[in-house]
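Coordinate analysis (summary)
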Amino acid sequence: MEADRHFRAMGTTCQITLVGGTTTLLADLVGRVHDLEARWSRFDEHSELSMLNATAGDGPVAVSVETYRLIDTSVSAWRRTAGRFDPTILDAVEANGYDRTYDAIPAGRAGREYQPRPIPGCWDIELDEAVQTVNWPVGVRLDPGGIGKGLAADIIAEEALAAGATGVLVDIGGDIRVAGPGPADGAWIVDVDDPLRPDTSALHLAVTDVGIATSSRLRRHWIIDDEHRHHLLDPTTGRPTETDIVAATAISASGWWSEALTKALFVTGDLDTIPGTSALMIHADGHYTATPDLMELMS
């Protein structure tokens, strides 16, 4: 038996498909995605993340298990990518014009107040797992962005299997986690779209127990003083990345790590950024570069 639901959450389209699950479980999991959004949204002033950002410098704050895991995971990704993924990017994101929900951003505006800002990094973030507290100094504000979607997909997949589903696919805006056997002879079929070629797949995958993340600078972009800007920033400059990459896909054991890897790929434009990565990059002129394991799938 399969159960499937499409819905909107976290500012994007989502899908959960269960094998061996029930419609009741499916509804519970959809509600769980909305619960994580309420805890982590930077656009909700009452979310845990917003309250943490507002009280930076006030000392350790106890948070929920989910929010602690998000922050711990984000800091871990920052370390593992040598800072190429950086969750302390919120001030810089807002300074580049992404200061409201994407749908509310004007098509064009003057840029005097929208200038790049330095990104502080995670150096001074303190985490105490024993008491589930987090602490960061004044001047540090977190925007986990895509890694929150990837981690949410991981959490939903874990909870689906724990609740009795035999297999699950979770897709939160292109951050995908599959676990357990899928309906296609035990596999899950996942297509990775090419944003430069409508209705064309860059990859057609049959996978089990992986996280797949795709980031694109063509989906969220705007104009300030006739300059095109997008939401994928280079932590070393506080400006939108300037490589010729328009989309990057990474595959790993988890959704959150795959998401962090796509950000690192955008910053460097180099498949060797993180050794052992399975990745695809789509360049502005339309050509692909990919690690050998994925290149074989495109031949």
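Side note on the packing of helix α1 (residues 23–40) against helix α5 (residues 146–162)
- For the pair α1 and α5, interaxial distance at closest approach is 10 Å and the crossing angle is 145 degrees. Crossing angle aside, the handedness with which α1 passes α5 is right-handed. Contact residues: α1 offers L25, L29, R32, V33, L36 and W40, while α5 offers G148, L151, A152, I155, I156, E159 and A160.

Section: the nonpolar core
- Ranked by internal contacts, the top residues of the largest apolar core, which has 36 residues, are I16, L18, W40, V168, V170 and I172.
- Going through the elements one at a time, β1 (2–9), β2 (12–19), α1, α3 (65–80), α5, β7 (167–172) and α6 (255–268) are the ones with two or more residues in this core.
- Among the elements that make up this core, the one with the highest residue count is α5 (8 residues).

What to know about unusual backbone geometry
- Even without being glycine, D199 reaches a positive phi, approximately 65 degrees.
- Residue placement: D199 occurs in the loop between β9 (188–193) and β10 (201–207).
- Unlike most non-glycine residues, D209 shows phi in positive territory, near 55 degrees.
- Mapped onto the elements, D209 comes out in the loop between β10 and β11 (210–216).

Topic: empty space enclosed by the protein
- Applying the stated rule across the entire model yields 1 cavity of 30 Å³ or more.
- Roughly 50 Å³ of volume is contained in the largest cavity.
- Forming the walls of the largest cavity are L52, T55, A56, G57, D58, G59, V61, V134, N135 and W136.
- Class assignment for the residues of the lining of the largest cavity results in 5 nonpolar, 4 polar and 1 charged.

What to know about the sheet that holds strand β13 (residues 227–230)
- Taken in spatial order, the 3 strands make up an open sheet running β4-β12-β13, and their pairing is mixed. Every interior strand has two partners, whereas the edge strands, β4 (108–109) and β13, have only one.

Description of the packing of α1 against α3
- Direction vectors running N to C along α1 and α3 enclose 65 degrees, while the axes themselves pass 10 Å from each other. In terms of orientation, α1 lies roughly perpendicular with respect to α3. Note that α1 runs across α3; the crossing there is right-handed. Of the residues in α3, those in contact with R32, L36, R39 and W40 of α1 are E66, T67 and L70.
- Residue composition of the contact of α1 with α3, by class: 3 nonpolar, 1 polar and 3 charged.

The rules behind each value
- Residues numbered from 1 in each chain as written.
- Predicted model: local features only at pLDDT ≥ 70, side-chain atom pairs only at ≥ 80, totals over all residues.
- Heavy atoms only, no water.
- Axes fitted to C-alpha atoms, helices over the stretch in contact; angles between N-to-C directions.
- Helix = DSSP H or I, 4+ residues; strand = E, 2+ residues; numbered from the N terminus.
- Left-handed = near helix turned anticlockwise from the far one by under 90°.
- Contact = heavy atoms within 4.5 Å.
- Core = buried A, V, L, I, M, F, W, Y, C linked by side-chain atoms within 4.5 Å.
- Buried < 20%, exposed > 50% of the residue type's maximum accessible area, 1.4 Å probe, protein only.
- 1 Å grid on protein atoms, 1.4 Å probe; cavity = no way out; pocket = protein on both sides within 12 Å on 5 of 7 lines; lining within 4 Å.
- Points joined across faces, edges and corners; volume = space filled by probe spheres on them.
- Nonpolar A, V, L, I, M, F, W, Y, C, P; charged D, E, K, R; others polar.
- Pairing = 2+ DSSP bridges.
- Parallel < 35°, antiparallel > 145°, perpendicular 65-115°, else oblique.

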